[in-house]
Structures are given as C-alpha cells and as structure tokens.
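# Observations on the model geometry
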Amino acid sequence: MPIIADHLTFVYGAKTPLQTTAVDDISVKIEDGQFIGLIGHTGSGKTTFLQLLSGLIKPSSGTVYINGEDIYAKDFDLHSIRGKVGIVFQYPEHQLFEETVFKDVCFGPKNMGLDQKETELKAYEALKLVGLEDEVFYQSPFDLSGGQKRRVAIAGVLSMKPQVLILDEPTAGLDPAGRKEILGLIEKLCRENKMTIILVSHSMDDVAEYVDRILVINNGKLAIDATPKEVFKHREELEEFGLSLPQVTKAMISIKESGIPVKTDAITVDEAIEEIMRVLY
Amino acid sequence: MKDITLGQYYQAESVIHRLDPRVKLVGTLLYMISLFVFNNIFCYIVAAILLAVVIALSKVPIGYMLKGMRAIMFIMIFTVIFNVFFTNGDNLVEFWIFHISKEGIRMAILMMVRLTLLIISASIMTLTTTPNRLTDGLEKLFRPLKLIKLPVHEIAMMMSIALRFIPILMEEADKIVKAQTARGARFDSKKLTERAKSLIPLIVPLFISAFRRASDLALAMEARGYHGGDGRTKLYPLKYASRDYISYAVLILYVAIIVFLGITSARIIAHLTPANSYLSLLF
C-alpha cells in the first residue's frame, strides 16, 4: 500500500493575521515495507504532515494517494482507510478511556465492524505483540505504569492490523530502557510483520540506528530525503535546521580531528566500534 | 466551537482598552441597571448615544461586534413575539388566543432595544478587557467582602484559571478526537443515542487530562510558593489614572441625566403628544 504525497500544503488560520504555512508543497513517495524516519525540530510541521498523510485533516492544496486512490477526493470514504493507516499520536496513553486494558484495545477492531470473536482475537494478538502479560489485561489502564500505558495505546492501534503505522514521537517521556523496548518493537513490526513504518522524532540517535530512509522537514518543507548515512553528511545543513548528528557520529568526527584516520560515517555504536578496531589493528 | 466569539477579547489600542477594569465593570453594571429601572424612549436614546460613543472610542469594528449578536438572535425574536402577542391591554387585532395590543407592541419594541443595548454593552466590556485584567478588577472591587469572610482572591484566581484553560482543553479535545478518529471512531452518527455513546471515548480522556492538569498546576503553584492572596503583590497593580476619573465623572453625569429624564418624562410626554396618536405608542 504505497503512499504518495502530491504537492501537499497546509495553511493554518488562512486569511487572518496569524496565517502560517505548516506544510509547504511536500511531494514524496513511501514504498511498502520501508522504515522511514521523519525528522524536524519542534514546530517544523511534522505532526501536521502526519495528520495529512493519514487523512485526519484536509490539505489546503495538493493531495495524498493511498494505494493509488486520492483520499481527499469528494467521493472517497475516509473511514475505509482507518484500519489500514494506523497512527500513534504523541503521548498516546492520553487517549485511553475504557475500564479495562483489553476493552480499550478492542475499540479499534470493533469500529472496523468485526464480530466479537475476531475483535477479541486481534486485541489479544496486539497485546501479546507489544509484550504485555495476561495479568494486566483486565486491569484498568489508568492503574498501569507510564511505559505500560504507552504499550497499551500502541496495541490499541496495532489491533486494527494496519499496513502502514505512523508513530509521532513514540519514545517521548520514556526512560532509556523504555525507549529501547519501544524502538525494538517498532523495528520488529517492520522487519517481521512487514509493516510500513513512519517514525517521527527529533532525536537523531533514535532514528539513525533503525531506519532505511530519513526525511528531514524544516519550516514545512521537505529539506533532505536520503539514507541515514547520506543525511548525516549534511552536518552544517542539519545544524542550521536546529538538528544535530547522532552522538556516535559526533564522537567519530572528534576522533578524526584528533588525528586518528577513522571514517566518520558510523551512525550506530556497533559500526563505530568496528571502525575504530579496524584502524587500531 | 467557532461560535464562542461573543465577547472574546479583541486586541486594539484605544482609550477604552486602557481604562481600568474596575471602571468598566462598574460602568457596565450601572448601565445595565439604568436600562431596567426606567423604560421610556428618552432614557433609551441617551443610553444609545453613550453606547455609540463608547463603541466609536473602542476601535472594535462594529461588524465584529454584530457577529457575536447573531448567536442570540433567536432569543431576541422569541422575546419580541411573546411580548407582541401575550401582553394584555387595549386590543388592536385579535384572532384565536392571540391578541395584539398597543401595550404589546410598545413592550416588544422596548424589550428589543433594551436587549440589544444590554448585550452590546456587556460585550464591549469583554471585547476590550483581557480576562486577566477583568478578574484583577473583580478581585479589587470585591475586596471589601473579605470582611464577611468571602475568599475573594481565591474566587478570582479560580476564575482566571478557568478562563486560561478553555483554549488548552479545546486543543486537547481536538487531539483526542483525531486520535480516536484514527482508531475508527465516528462522531457524526445520525442517531442521537449512538452519537451520545460515541462521545465517551472523547469525554473520559478529556476529564482525565483536565484532572491531571489541575493537580500538576496545583503542585507547580505550591512549588513556587503560592499560598493564597495574603501579602501577594501584583506585577501590574491596578491604579486609577486621570482617564479613569474622567470616565467616572461621565458615568455620574449619565446616571443623573437618566434619573432626571425618568422622573420628568411623564410630564414631557404629556406636553408633546396629543392622546391616542400613533406616536404615543412609543411612550
């Protein structure tokens, strides 16, 4: 289910003194099974772009094609893509509302019109997928810890079996262990369950390690679209956008500057270790 | 949600905007009372002139002000119809249970004028005063009530917090609606019961977030040493300037004129209009 953004533009408060263009003429094609990182500093238009991609707000101009269909065409039923494009918002645990964890996760599939048995099966699978134990299923979601709540909320979206999963800063406010867990889960969804993933973040470290392709958004415009290694060559440009390189890449650059001839394109800790070993021995 | 423009603060540089909120509060209150105490045409003319001058001074576009009036048009029409048909008096026209009387028409017209003036005067106050200044003004005005153990500062603080949180909660509601929509929730069902049910996934998270924000705010306030109104000073203390005294003078003059007109109008009218002419409908 490829997604194509075609000259997408979104203007807030049109024809008022506060008019701002949040998304400015973005065209991009997202292929099946890709793991994409969407990066931009706060207020760059990332969230608005996501909402446009998933059919939640109408663009001022331009449109989005999902599976070759124009989702903003007049006769297109937006409800039909709800299960297919899943979106996990920032702090998704704020959308929990049911009495038990299990019921909350059932909400999505039930809205898809599935019968009870199928709904419960999907909910169970989703809860297992995010690694929650059976004993929390019938607890109130509000009694869980922060990390658990977030996993319940993600399960609430996964239970609809989306083909494309969009996550807006899924690690915000989690401790390092929680971050790793969530990111590991997302990677598994992409590699094993063959979902297309769009991961939004302003942390280069989060993104560098996992994704195949990075989109950098600045001031509503698509500034860079390339593989992680390519993107991190644009150091000055990134800094201009208020973004920084991954810690590891920065470290490699300082090593090189101190006179040791390492290559500076390492973006994960493992790559960096390998490169240093190569030079040393 | 867009209909809540009635009386929302309108940013502009004008004498009215700069007036002390206490002047505006007292002024609006007196003005409203004056509209209700006397109901004859002369008083209303004077009241309308004063309001016109204030509107002109406030630099708020008249269109913006009238846009807010649309919301209450229904109540207005309702009142007028009721007054026309159900006021007892000398009947001019009669059919079934309805009767249109001279008094009825008179009451209807007066009611309409009165309501219009009332609403515009109230909205002028909120259009030209930020909610914070308004609560500051209220707090200071009601300070004497502390003597009877009324927690004036606390009430004012609650009011300003409530006002401050309206846009935040609206934003929050918008986010939750989108999140639930993405999970396939529908908020546009035609059936009333289904529609009410569909609101649960919106209302529960909204309440929870409101409570969470409230307790966070309470903690943050205490952490910064908030302990109620005693000994608390203001960043922008309210102080009367000369324009405020002038405004009070104008207000007193206005009240005097209204009272004078109200008392003497009966005699003036008797002089002006021969009995039974149609003009006398108005008086």
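Basis of the calculations
Residues numbered from 1 in each chain as written. Chains lettered and ligands numbered in written order. Predicted model: local features only at pLDDT ≥ 70, side-chain atom pairs only at ≥ 80, totals over all residues. Heavy atoms only, no water. Helix = DSSP H or I, 4+ residues; strand = E, 2+ residues; numbered from the N terminus. Rg over C-alpha atoms; globule rule 2.2 N^0.38 Å. Buried < 20%, exposed > 50% of the residue type's maximum accessible area, 1.4 Å probe, protein only. Contact = heavy atoms within 4.5 Å. Areas by Shrake-Rupley, 256 points an atom, 1.4 Å probe, with all protein chains shown as cover. Lys, Arg positive; Asp, Glu negative; His and termini not counted. Charge placed at Lys NZ, Arg CZ, Asp CG, Glu CD. Patch = residues over 30% accessible without salt bridge, like charges linked within 9 Å, V, L, I, M, F, W, Y side chains within 5 Å. Salt bridge = Lys/Arg side-chain N within 4 Å of Asp/Glu carboxyl O. Pairing = 2+ DSSP bridges. 1 Å grid on protein atoms, 1.4 Å probe; cavity = no way out; pocket = protein on both sides within 12 Å on 5 of 7 lines; lining within 4 Å. Points joined across faces, edges and corners; volume = space filled by probe spheres on them. Nonpolar A, V, L, I, M, F, W, Y, C, P; charged D, E, K, R; others polar. Axes fitted to C-alpha atoms, helices over the stretch in contact; angles between N-to-C directions. Buried area = accessible area lost by both parts, 1.4 Å probe. Expected span 1.5 Å × (residues − 1). Core = buried A, V, L, I, M, F, W, Y, C linked by side-chain atoms within 4.5 Å.

## Side note on the overall build of chain A
From N to C terminus, chain A includes ten helices and ten strands. The C-alpha radius of gyration of chain A comes to 20 Å, within 12% of the 19 Å expected for a compact globule of 281 residues. Taking the principal axes of its C-alpha atoms as reference, chain A extends roughly 65 × 50 × 35 Å. Residue burial in chain A is summarised as follows: out of 281 residues, 51% are buried. Summarising the internal contacts of chain A: among those between residues at least 6 apart in sequence, 61% fall at separations of at least 24. Carbon together with sulfur atoms contributes 51% to the accessible area of chain A, which is approximately 13,100 Å² in total. Between the centroid of the 30 positive side chains of chain A and the centroid of its 43 negative side chains there is a distance of 1 Å.

## With respect to the side chain of S159(A)
Residue and element names in this part refer to chain A. The residue S159 is located in the loop between helix 4 (146–158) and strand 7 (164–168) in this model. Assessed through its relative accessible area of 1%, S159 is described here as buried. In this structure, S159 is in contact with V105, P109, K122, A123 and A126, ignoring residues within four places of it in sequence.

## Things to note about a negative patch on the surface
Residues and elements named next belong to chain A. On the surface, a cluster of negative charge is contributed by D205, E209, D270 and E274. When residues of the negative patch are traced back to their parent elements, those giving at least two are helix 6 (204–210) and helix 10 (269–280). As for its placement among the helices and strands, E209 is situated in helix 6. By relative accessible area, E209 is classed as partly exposed at 43%.

## Topic: the sheet that holds strand 5 (residues 69–70) of chain A
Strand pairing in a sheet relies on backbone hydrogen bonds. The paired strands run either parallel or antiparallel. Residue and element names in this part refer to chain A. An order of 2-1-4-5 is seen for the four strands of this open sheet, with the pairing classed as antiparallel. Strands with a single pairing partner mark the edges of an open sheet, and in this sheet they are strand 2 (20–30) and strand 5. When strand 1 (residues 3–12) meets strand 2, the two strands line up antiparallel, connected through seven bridges. Of the residues in strand 2, the one forming a bridge with L8 is I26.

## Some words on the layout of surface pockets
Residue and element names in this part refer to chain B. Counted as a void, the second largest pocket has a volume near 780 Å³. As for the second largest pocket, its lining consists of 21 residues, of which N132, D136, M157, S160 and R232 are closest to the centre. Counting residues per element, the ones that place at least two in the lining of the second largest pocket are helix 7 (131–141), helix 8 (152–182) and helix 10 (200–223). Counting residues per element, the lining of the second largest pocket draws most heavily on helix 8, at seven residues. When grouped by side-chain class, the residues that make up the lining of the second largest pocket number nine nonpolar, five polar and seven charged.

## Notes on the sheet that holds strand 9 (residues 213–218) of chain A
Residue and element names in this part refer to chain A. The six strands lie next to each other as 6-7-8-3-9-10, forming an open sheet whose pairing is mixed. Bordering the open sheet on either side are strand 6 (85–88) and strand 10 (221–226), each of which pairs with just one other strand. Here the average twist between neighbouring strands, direction ignored, is 15°. For strand 9 and strand 10, the ladder comprises five bridges, and the chain directions are antiparallel. If you follow L215 over to strand 10, its bridge partner there is D225. Across the sheet, helix 1 (residues 46–53) lies against strand 3 (35–39), strand 6, strand 7, strand 8 (196–201) and strand 9, angled at about 155° from strand 8, the strand it touches most.

## Observations regarding the interface of chain B and chain A
Contact residues are listed per partner, giving 17 residues for chain B and 21 residues for chain A. Buried area between chain B and chain A, summed over both chains or domains, comes out near 1,700 Å², and the portion from carbon and sulfur atoms is 62%. Sorting the residues of chain B by area buried against chain A places K178(B), A182(B) and R183(B) first, and these three jointly supply 43% of that buried surface. Counting across the interface, chain B meets chain A through two salt bridges. Close ionic contact of D104(A) with R183(B) constitutes a salt bridge, the shortest N to O distance being 3.0 Å.

## As for helix 10 of chain B
Three- or four-residue spacings in an α-helix give side chains the same orientation, since the helix completes a turn every 3.6 residues. For helix 10 of chain B, with 24 residues, the first-to-last C-alpha span of 34 Å sits near the 34 Å given by 1.5 Å per residue. Of all the residues in helix 10 of chain B, the buried ones are P201(B), L202(B), P205(B), S209(B) and M221(B). At its buried positions, helix 10 of chain B is contacted by helix 2 (101–111) of chain A together with helix 8 and helix 9 (192–198) of chain B.

## Observations regarding the pattern of salt bridges
Applying the stated criterion across every chain, the model contains 24 salt bridges over all chains. Between K229(A) and E271(A) there is a salt bridge; the shortest N-O distance is 2.7 Å. Of the two residues, K229(A) sits in helix 7 (residues 228–231) while E271(A) sits in helix 10, which places them 42 residues apart along the sequence. A residue is classified by how much of its surface remains accessible, and E271(A), at 30% relative accessible area, is partly exposed. One salt bridge in this structure joins K234(B) and E139(B), with 3.5 Å as the shortest N-O distance.

## Quick word on the pairing of strand 9 of chain A
Residue and element names in this part refer to chain A. Counted residue by residue, strand 9 has six buried out of six residues, so it is predominantly covered. Residues of strand 9 alternate between two faces, with R213, L215 and I217 on one and I214, V216 and N218 on the opposite face, all of them buried. Strand direction decides the pairing type here: strand 3 and strand 9, joined by four bridges, are parallel. Each residue of the ladder has a partner; that of G37, found in strand 9, is I214. Hairpin connection between strand 9 and strand 10: a loop of two residues separates the two successive antiparallel strands, and N219 in this loop has a positive phi of roughly 50°.

## Let's talk about a nonpolar patch on the surface
On the surface, a nonpolar cluster with roughly 580 Å² of combined accessible area is contributed by V269(A), I273(A), M277(A), L280(A) and Y281(A). The residue V269(A) is located in helix 10 in this model.

## Focus on the nonpolar core
All names here are of chain A. Counting residues in each nonpolar core, the largest one holds 51 residues, and the members touching the most others are L165, I197, F232 and L238. In contact with L238, other than residues within four places in its own chain, are M204, V216, I224, V231, F232, L243 and L245. With 35 residues, the next largest nonpolar core counts V64, V85, V164 and L215 among its residues.

## Side note on helix 2 of chain A
The buried count for helix 2 of chain A comes to eight of eleven residues, which makes it a mostly enclosed element. The complete set of buried residues in helix 2 of chain A reads V101(A), F102(A), D104(A), V105(A), C106(A), F107(A), G108(A) and P109(A). In this structure, the buried side of helix 2 of chain A is in contact with helix 3 (116–129) and helix 4 of chain A together with helix 8 and helix 10 of chain B. Positive backbone phi, approximately 90°, marks G113(A), located one or two places after helix 2 of chain A.

The analysis is restricted to geometry; functional conclusions fall outside its scope.
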